[in-house]
Amino acid sequence: MATRSAATPPPSEADKLIAHHARALKAPRIADEYRRLAEHGRSADWTLEDYLAAVLAVETNARAESGARLRIKGAGFPAIKTVTDFDFTAQPGIDRAQIARLEGGGWLAEARNVVLLGPPGTGKTHLATALGIAAAHAGHRVAFASATGWITRLAQAHQLGRLDSELKKISRIGLIVIDEVGYIPFDTDAANLFFQLVSSRYEKSSIILTSNLPFARWGDVFGEATIASAMIDRIVHHADVLALKGTSYRIKHTAIESLPSVTADREAESTT
């Protein structure tokens, strides 16, 4: 028969009440941490108010972190990327202070947009993902998909006669990330669907958009200059537009990694 450790006193009536209330409030971290915080509070001469604030903070912070994990999982990010992981040395033209402000998330309350333009492999998707994850940590719902992914979603809703309800559903998401605009040209129907997506969010909720093409070439993507111009006008009216430059990060590092073998091959050839 198991016996209680002599070092652990039996629960007092107060312990039982705290456990009961923690269960009723669905606040398990309070039940886990209140003893430790009480011991620390006694040694630190906390007031009762200090102790109550510390106990509530444990539960609040845990819930916030749990909510962020759920929002990140539900957003559909292709990978977990952060601003800290971004190689700013490869993009010296990017203003770190501007990225830090965007990471703070104030622009979301103003329904502003962020547009990242540049060649493939220069870090656009990394920054878009990192800012999206920061938004999720700040309590915002986020959804990530490629441009073709968003069009497919809207086209399916349109075929079922549910386009308006789908656009309203998407509009309730605080931030959507539209990746890889310009890689695949859109036909007229797709361009119209994309325009409706952008218009439905104009001055209401935010977009992060990445493209490998400058705005001057968006007419090639959307089939005509008029619709492209109207779309650009809505996107950039309240937006931070960042231009990334240089060679693809992936290609550059692949080339660097291949150098030793190339050098070895050349040395072998010189000795034969």
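Residues numbered from 1 in each chain as written. Predicted model: local features only at pLDDT ≥ 70, side-chain atom pairs only at ≥ 80, totals over all residues. Heavy atoms only, no water.

What to know about the pattern of salt bridges
Okay, so step 1: Counting across every chain of the model gives nine salt bridges.
Okay, so step 2: The partner of Lys-16 in a salt bridge is Glu-13, and the shortest N-O contact between them spans 3.6 Å. With Lys-16 and Glu-13 both in helix α1 (residues 13-24) and three residues apart, this pair spans about one turn of that helix.
Okay, so step 3: The class of Lys-16 is partly exposed, set by a relative accessible area of 44%.
Okay, so step 4: The class of Glu-13 is exposed, set by a relative accessible area of 57%. (Salt bridge = Lys/Arg side-chain N within 4 Å of Asp/Glu carboxyl O. Helix = DSSP H or I, 4+ residues; strand = E, 2+ residues; numbered from the N terminus. Buried < 20%, exposed > 50% of the residue type's maximum accessible area, 1.4 Å probe, protein only.)

Observations regarding unusual backbone geometry
Okay, so step 1: Phi at Glu-180 takes a positive value of approximately 65 degrees, unusual for a residue other than glycine.
Okay, so step 2: Residue Glu-180 is classed as partly exposed on the basis of its relative accessible area, which comes to 38%.

Some remarks on the sheet that holds strand β4 (residues 206-211)
Either a parallel or an antiparallel arrangement is found when strands of a sheet pair, and the pairing is made through backbone hydrogen bonds.
Okay, so step 1: Pairing is parallel in the open sheet, where five strands are placed in the order β2-β3-β4-β1-β5. Strand pairing shows two members of the sheet lacking a second neighbour, β2 (142-146) and β5 (239-243), which therefore form its edges. Strand-to-strand, the axes of this sheet are offset by a mean angle of 10 degrees, without reference to chain direction.
Okay, so step 2: Sitting on the sheet, helix α4 (residues 96-104) is in contact with β1 (113-117) and β5, with an inclination near 140 degrees to β5. (Pairing = 2+ DSSP bridges. Axes fitted to C-alpha atoms, helices over the stretch in contact; angles between N-to-C directions. Contact = heavy atoms within 4.5 Å.)

Some remarks on the packing of aromatic side chains
Okay, so step 1: One pass over the structure, following the stated rule, counts seven aromatic pairs.
Okay, so step 2: Plain terms: the ring middles of Phe-86 and Phe-88 are 5.0 Å apart, the flat faces sit at 80 degrees to each other, and that makes the pair edge-to-face. (Phe/Tyr/Trp six-rings, centres within 6.5 Å; stacked < 30°, edge-to-face > 60°.)

What to know about the packing of helix α3 (residues 48-75) against helix α6 (residues 124-137)
Okay, so step 1: Look at α3 against α6: their axes get within 8 Å of each other, and the N-to-C directions meet at 140 degrees. The angle between α3 and α6 places the two elements in the oblique class. In the packing of α3 onto α6, the handedness of the crossing is right-handed. Residues Glu-65, Ala-68, Arg-71 and Ile-72 of α3 form the contact with α6, whose participating residues are Ile-133, Ala-136 and His-137.
Okay, so step 2: Classifying every residue of the contact of α3 with α6 by side-chain character gives four nonpolar, one polar and two charged. (Parallel < 35°, antiparallel > 145°, perpendicular 65-115°, else oblique. Left-handed = near helix turned anticlockwise from the far one by under 90°. Nonpolar A, V, L, I, M, F, W, Y, C, P; charged D, E, K, R; others polar.)

Concerning the confidence of the model for the protein chain
Okay, so step 1: With 88% of its residues at a pLDDT of 70 or more, the protein chain shows a mean pLDDT of 89.
Okay, so step 2: Considering only residues more than four positions removed or in separate chains, one finds that residues 255-259, a stretch of pLDDT under 50, has zero contacts.
Okay, so step 3: A low-confidence stretch, residues 261-272 (pLDDT under 50), is modelled with zero contacts involving residues beyond four sequence positions or located in other chains. (pLDDT = per-residue confidence, 0-100.)

Details of a positive patch on the surface
Okay, so step 1: A cluster of basic residues, Arg-141, Lys-168, Lys-169 and Arg-172, forms a positive patch on the protein surface.
Okay, so step 2: Mapped onto the fold, Arg-141 is located in the loop between α6 and β2.
Okay, so step 3: Judged by its relative accessible area of 48%, Arg-141 is partly exposed. (Patch = residues over 30% accessible without salt bridge, like charges linked within 9 Å, V, L, I, M, F, W, Y side chains within 5 Å. Areas by Shrake-Rupley, 256 points an atom, 1.4 Å probe, with all protein chains shown as cover. Lys, Arg positive; Asp, Glu negative; His and termini not counted. Charge placed at Lys NZ, Arg CZ, Asp CG, Glu CD.)

Focus: the packing of α1 against helix α2 (residues 28-43)
Okay, so step 1: The interhelical angle for the contact between α1 and α2, taken along N-to-C directions, is 155 degrees, at an axis separation of 7 Å. The angle between α1 and α2 falls in the class roughly antiparallel. Every pair of crossing elements has a handedness; the one defined by α1 and α2 is right-handed. Seen from α1, the contacting residues are Asp-15, Ile-18 and Ala-22; seen from α2, they are Pro-28, Ala-31, Tyr-34 and Arg-35.
Okay, so step 2: Of the residues belonging to the contact of α1 with α2, the class tally is five nonpolar, no polar and two charged.

A closer look at the side chain of Ser-211
Okay, so step 1: Mapped onto the elements of the fold, Ser-211 is located in strand β4.
Okay, so step 2: According to the relative accessible area criterion, Ser-211 is buried, its value standing at 0%.
Okay, so step 3: At 3.1 Å, the side chain of Ser-211 forms a polar contact with the backbone nitrogen of Leu-213.
Okay, so step 4: Residues contacting Ser-211, with those up to four places away along its chain left out, are Leu-116, Leu-117, Gly-118, Lys-124, Val-181 and Trp-218. (Polar contact = N/O pair within 3.5 Å; in protein donor to acceptor, adjacent residues only side chain to side chain.)

Some remarks on the pairing of strand β3 (residues 175-181)
Okay, so step 1: Counting buried positions over the seven residues of β3 gives six, a clear majority of the element.
Okay, so step 2: One ladder, built from five bridges, connects β3 with β4; its direction is parallel. Pairing of Val-177 across the sheet is with Ile-208, part of β4.

Details of α6
Because each turn of an α-helix spans 3.6 residues, side chains separated by three or four positions in sequence point in the same direction.
Okay, so step 1: Here α6 contains 14 residues, and its C-alpha end-to-end distance of 20 Å stays within 8% of the 20 Å for a straight helix at 1.5 Å per residue.
Okay, so step 2: Phi turns positive, to about 105 degrees, at Gly-139, one or two residues after α6. (Expected span 1.5 Å × (residues − 1).)

Description of the side chain of Lys-124
Okay, so step 1: If you trace the backbone, Lys-124 turns up in helix α6.
Okay, so step 2: Summary of buried charges: Lys-124 has no salt-bridge partner, and the nearest side chain of opposite charge, Asp-179, is 6.8 Å away.
Okay, so step 3: A polar contact is formed between the side chain of Lys-124 and the backbone oxygen of Pro-119, at a distance of 2.8 Å.
Okay, so step 4: If we skip the residues at most four places from it in the chain, Lys-124 touches Leu-116, Leu-117, Gly-118, Pro-119, Tyr-183, Thr-210, Ser-211, Asn-212 and Leu-244.

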